[in-house]
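Residues per chain are reported as follows:
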Amino acid sequence: MKIQEMQQEVHQWIDQFEEGYWHPLSMLARLTEEVGELAREVNHRFGEKPKKAGEPEGDLALELADILFVVICYANSQHIDLEEAFRRMMQKYRARDAQRWTKKKEF
């Protein structure tokens, strides 16, 4: 699924509710919350904080998808085309970081 399709699907889902998109500060708080949930799961899996006995394993993919949903909501509410923004961001990285790290021999 293309990012533009994701943006359309999220918009169709949000558009069915009278409340619509949340206020930008509320979405930022929600994004922070979702990133915290991802951080908690990563810390349980790879860090030094094991889960409590009987606590179920989390789903990293779903945590990342939750973050993506909020980012898409934010972009939609601000009329941002994420595909175009992504292209611009990659141009920035390609120019700025082209010589920053050691390239693999096959590239």
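Once a new chain begins, its residue numbering starts again from 1 and follows that chain's sequence as written. The predicted nature of this model means local features are confined to residues of pLDDT at least 70 and side-chain atom pairs, given and counted, to a pLDDT of 80 or more, with totals for whole chains, interfaces and linings taken over all residues. To obtain the side-chain values, all non-hydrogen atoms of the structure were included, while hydrogens and water were left out.

A. Just the packing of helix α2 (residues 24–46) against helix α3 (residues 60–77), in detail. At a minimum axis distance of 9 Å, the contact between α2 and α3 shows a crossing angle of 165°. In this view, α2 runs roughly antiparallel relative to α3, as classed from their interaxial angle. The handedness of the crossing between α2 and α3 comes out as left-handed. Looking at the contact of α2 with α3 residue by residue, the classes come out as 15 nonpolar, 1 polar and 7 charged. An axis is simply a line fitted to the C-alpha atoms; with a helix, the fit covers only the stretch in contact. Between two such axes, the angle follows the N-to-C directions and lies from 0 to 180 degrees. Numbering of helices and strands runs from the N terminus; a helix is a DSSP stretch of H or I covering at least four residues, while a strand is a stretch of E covering at least two. Orientation categories follow fixed angle ranges, with anything under 35 degrees roughly parallel, anything over 145 roughly antiparallel, 65 to 115 roughly perpendicular, and all other angles oblique. A clockwise turn of the near helix away from the far one marks a right-handed crossing, whereas an anticlockwise turn of less than a right angle marks a left-handed crossing. Each residue receives one of three labels: charged for Asp, Glu, Lys and Arg, nonpolar for Ala, Val, Leu, Ile, Met, Phe, Trp, Tyr, Cys and Pro, and polar for the others, Gly being one of them.

B. Spatial organisation of α2. The span one expects for a helix is its residue count, reduced by one, times 1.5 Å. Taking 1.5 Å of rise per residue, the 23 residues of α2 would be expected to cover 33 Å, and the 32 Å separating its terminal C-alpha atoms lies within 8% of that figure. The rule is simple: take the accessible area with a 1.4 Å probe, protein chains only, and divide by the maximum for that residue type; under 20% is buried, over 50% is exposed, in between is partly exposed. Among the residues making up α2, those that are buried are Met27, Glu34, Leu38, Glu41 and His44. Here, two residues are considered to be in contact whenever any of their heavy atoms come within 4.5 Å of each other. Here the buried face of α2 lies against α3.

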